[in-house]
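Descriptive analysis of the structure
The chain contents come next:
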Amino acid sequence: MFNALFTLFVASEFCYYLLIAQTGIIEVFHSNIQAFFTLPLGGGLGSLLVYRSFGWLNTDQKKIIFFVGLQALCSLFYPALNLVVLGALGISLGMSAPLLIKFTKGRYTEIAIALGITYALATALFTYEPILRGNLAIALSLVAFTCSFFIHRMPEHRVEIEPQNLSVYAVLSMAIWAFLDANLFETLSRSSDISIWRAQTWHIILVFHVVGMGAAYLLRDTLKEHHSFVIVALFALSYMLYASREAVLLSMVYPFVISYYNFVILKRLSKLGNLRLLGMIMVLTGWIAGGGGLLSALGGYTYVGVIFICILLCAEIYNFIYQTSQKRINNVQ
């Protein structure tokens, strides 16, 4: 059964991450990692400790309420955030992310709509000055905090948990996708000649974010064996369009693949019921890989993404050939 409050909760948290934690704070501190290093440090620590019980925080529901409330408290200081507040904000984001993913188990309609709202709003507000987003940070946090009280009332979706389907290769692929996304996004957001979010193409970006989300949702079962190849191919095309400075085509392809791969990641991870495992994966994909992509873009090493794409393409081609040969062998037997 569709739950509007849960959808609003997920959308507000994702919007907070994109508009405040990712683009807002980084811009406020002029991409100086030393000025906000406690944010990713706290995020990693929070994700690693999310599975533990802290006194009265002995249920997932209580943890969500507490850490989203901590996020709202930290937002009161935005943009004048010192290292202590940034660390606390990082812990709240790091702990709430695995819990949020756990709650999305089987709720693919809510995930798709929430991500669609997130990318539409984030695209429309991207040019809004980061230093002026204090009220936005508070508003998004309060919406999430209010909705978090109703999460426990949702009827549980009975979805079979299949941890055996999430191989080491799948986790590494998701980490590389996160790196590719952060690397290209940060490169584009700082580019003077092809900053697609600050150009007149922003409405195209908005549309193709929604189209990509719709495609991922409708094809979630039809192409489930080929999602990885589709994502890698679209990332390869995005980097090629960036290199050739094709702004309009890039405004179509790149938002499409962002929405597509984020839905696939959330769908895969939501099947895991182990908070410790979810936390470790979030550290690898969200904080280490995403942070690595940011640092790569800041250093001007966008080509590193091309290397990862080549590696993944070779792996996907090999995997396709191997699976095809195995199916032929099975058919013969």
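Residues numbered from 1 in each chain as written. Predicted model: local features only at pLDDT ≥ 70, side-chain atom pairs only at ≥ 80, totals over all residues. Heavy atoms only, no water.

So, on to the pattern of salt bridges. The full count for this structure, using the stated rule, is 2 salt bridges. The salt bridge involving R107 is made with E110; its shortest N-O contact spans 3.1 Å. Comparing R107 with E110, the two get one shared label, buried. (Salt bridge = Lys/Arg side-chain N within 4 Å of Asp/Glu carboxyl O. Buried < 20%, exposed > 50% of the residue type's maximum accessible area, 1.4 Å probe, protein only.)

A separate point is helix α3 (residues 60-75). With 16 residues, α3 extends 22 Å from end C-alpha to end C-alpha; this agrees with the ideal 22 Å at 1.5 Å per step. Those residues of α3 that fall on the buried side of the exposure criterion are D60, Q61, K63, I64, I65, F67, V68, Q71, A72, C74 and S75. In this structure, the buried residues of α3 make contact with α1 (4-28), α4 (83-103), α6 (134-148) and α11 (275-298). (Helix = DSSP H or I, 4+ residues; strand = E, 2+ residues; numbered from the N terminus. Expected span 1.5 Å × (residues − 1). Contact = heavy atoms within 4.5 Å.)

Our next topic: the layout of surface pockets. The volume enclosed by the largest pocket comes to roughly 1200 Å³. Lining the largest pocket we find 46 residues, and of these Y17, L18, Q22, N262 and G286 sit closest to its centre. Looking at the lining of the largest pocket, the elements with two or more residues in it are α1, α2 (38-49), α4, α5 (108-125), α7 (168-190), α10 (247-269) and α11. At 9 residues, α1 tops the list of elements feeding residues into the lining of the largest pocket. (1 Å grid on protein atoms, 1.4 Å probe; cavity = no way out; pocket = protein on both sides within 12 Å on 5 of 7 lines; lining within 4 Å. Points joined across faces, edges and corners; volume = space filled by probe spheres on them.)

As a further point, take the packing of α5 against helix α8 (residues 202-218). For the pair α5 and α8, interaxial distance at closest approach is 9 Å and the crossing angle is 170°. Overall, the two elements α5 and α8 adopt an arrangement that is roughly antiparallel. Here Y108, T109, A112, L115, G116, Y119, A120, T123 and A124 of α5 come into contact with α8, specifically with W202, I205, L206, H209, M213 and Y217. Looking at the contact of α5 with α8 residue by residue, the class counts come to 11 nonpolar, 4 polar and no charged. (Axes fitted to C-alpha atoms, helices over the stretch in contact; angles between N-to-C directions. Parallel < 35°, antiparallel > 145°, perpendicular 65-115°, else oblique. Nonpolar A, V, L, I, M, F, W, Y, C, P; charged D, E, K, R; others polar.)

On to the packing of aromatic side chains, then. Enumeration according to the criterion identifies 12 aromatic pairs in this entry. Judged by centre distance (6.0 Å) and plane angle (25°), the ring pair of F256 and Y260 falls under stacked. Placement of the pair is F256 and Y260 together in helix α10, with a separation of 4 residues, close to one helical turn. For the pair shown, F256 and Y260 are each scored as buried. (Phe/Tyr/Trp six-rings, centres within 6.5 Å; stacked < 30°, edge-to-face > 60°.)

Domain boundaries in the chain define domain 1 (1-161) and domain 2 (165-332). Each of domain 1 and domain 2 was reduced to a C-alpha centroid, and the two centroids are 22 Å apart. Summed over both sides, the interface between domain 1 and domain 2 buries roughly 3400 Å², with carbon and sulfur atoms accounting for 76% of that surface. Here domain 1 is connected to domain 2 by 0 salt bridges. Linking domain 1 to domain 2 there are 4 residue pairs in polar contact (both at pLDDT 80 or more). Of all the elements in the fold, those that place two or more residues in the side of domain 1 that touches domain 2 are α1, α2, α4 and α5. (Domains from an automatic or database assignment. Buried area = accessible area lost by both parts, 1.4 Å probe. Polar contact = N/O pair within 3.5 Å; in protein donor to acceptor, adjacent residues only side chain to side chain.)

What follows covers α6. Across its 15 residues, α6 extends 21 Å between first and last C-alpha, which sits within 8% of the 21 Å expected from 1.5 Å per residue. Within α6 the residues assigned to the buried category are G134, L136, A137, L140, S141, A144, C147 and S148. Tucked into the core, α6 has its buried residues touching α1, α3 and α5.

Before going further, it helps to spend a moment on the confidence of the model for the chain. Averaged over the chain, the pLDDT score is 87; the fraction of residues at 70 or greater is 95%. Element-level mean pLDDT values for the chain span from 83 in helix α12 (residues 303-332) up to 94 in α6. The low-confidence segment residues 155-164 (pLDDT under 50) makes 15 contacts with residues lying over four places distant or belonging to another chain. (pLDDT = per-residue confidence, 0-100.)

Take S195: it is sitting in the loop between α7 and α8. Linking S195 and A137, residues 58 residues apart in sequence, is a C-alpha distance of 24 Å.

Once that is clear, we can look at the nonpolar core. Grouped together as the largest cluster of nonpolar side chains are 98 residues, with contacts concentrated most on F9, I25, W177, L188, F235, Y254 and L269. Examining the composition of this core, we find that 14 residues originate from one element, α1, more than from any other. Three or more residues apiece are contributed to this core by two domains, here domain 1 (1-161) and domain 2 (165-332). Aside from chain neighbours lying at most four places away, what touches L269 is I101, L166, M174, L278, I281 and M282. (Core = buried A, V, L, I, M, F, W, Y, C linked by side-chain atoms within 4.5 Å.)

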